[in-house]
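# A closer look at the structure
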Amino acid sequence: GGTGGCGAEGGGASGGGVEEPPPLGLVAQLRPVAAQLRLGVGLQALQQLVGINTIMYYSTPILRQAFFSGAVSEEERAFVIWLSAPVACGQLVGCIVGMLLIDRVGRRPLVLSSLALC
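Below, the structure is looked at part by part. (Residues numbered from 1 in each chain as written. Predicted model: local features only at pLDDT ≥ 70, side-chain atom pairs only at ≥ 80, totals over all residues. Heavy atoms only, no water.)

Turning our attention to the overall build of the chain. Scanning the chain for helices and strands turns up seven helices and zero strands. Listing every helix and strand of the chain by position from the N terminus yields α-α-α-α-α-α-α. With the model as given, the accessible surface of the chain reaches about 9700 Å², and the carbon-plus-sulfur share is 67%. (Helix = DSSP H or I, 4+ residues; strand = E, 2+ residues; numbered from the N terminus. Areas by Shrake-Rupley, 256 points an atom, 1.4 Å probe, with all protein chains shown as cover.)

A word on the packing of aromatic side chains. Counted under the stated rule, the structure contains three aromatic pairs. Centre to centre, the rings of Tyr57 and Tyr58 are 4.8 Å apart; their planes meet at 90°, and the pair counts as edge-to-face. For Tyr57, a relative accessible area of 64% puts it in the exposed group. For the pair Phe68 and Phe79, a centre-to-centre distance of 6.3 Å together with 80° between the ring planes defines the contact as edge-to-face. Taken together, the positions of Phe68 in the loop between helix H5 (59–67) and helix H6 (74–104) and Phe79 in helix H6 put the pair 11 residues apart, joining distant regions of the chain. By relative accessible area, which is 42% here, Phe79 ends up partly exposed. Cluster of aromatic residues (ring-pair linked, three or more members): Phe67, Phe68 and Phe79. (Phe/Tyr/Trp six-rings, centres within 6.5 Å; stacked < 30°, edge-to-face > 60°. Buried < 20%, exposed > 50% of the residue type's maximum accessible area, 1.4 Å probe, protein only.)

Taking 1.5 Å as the rise per residue, helix H3 (residues 34–50) with 17 residues should run 24 Å; its terminal C-alpha atoms sit 24 Å apart, in good agreement. One or two steps after H3, the chain reaches Gly51, where phi turns positive at roughly 95°. (Expected span 1.5 Å × (residues − 1).)

Written as C-alpha cells, this is what we have:
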C-alpha cells in the first residue's frame, strides 16, 4: 500500500514539472508584447548610451573642472557641491513631472513630446 502512494507522489512530481512552462513557452507568452518590450529595452539602452547616469554621478567633478583649475580649496569645493545640487533637483523635478503626466497623458505622447524637445 505504501509503495503505491510513493508511485502516485512520483507521478505528481513529474506532473508538477509539466505545469512549469519551458523556456520556449515564456518566449511564446512574450510574443504579443514583443514590440513594446523592444521599445522599452531600446529606450533603456539609449539612456545608458547617452550617458545621463554618468553625467549625474560625476556632476561635481565635471563642474569643478569647468569652474576651477588646479588645487581646489574647501570653500571652492563646497561651492561646487552646491552647484551640483540644482542638477540633481532638476532630475528629481523631471521624474516627478513624468510620473504625474504618464497616467494623465499616456506613455506614447509623453515619449514623442520628449523626443521633440531634444
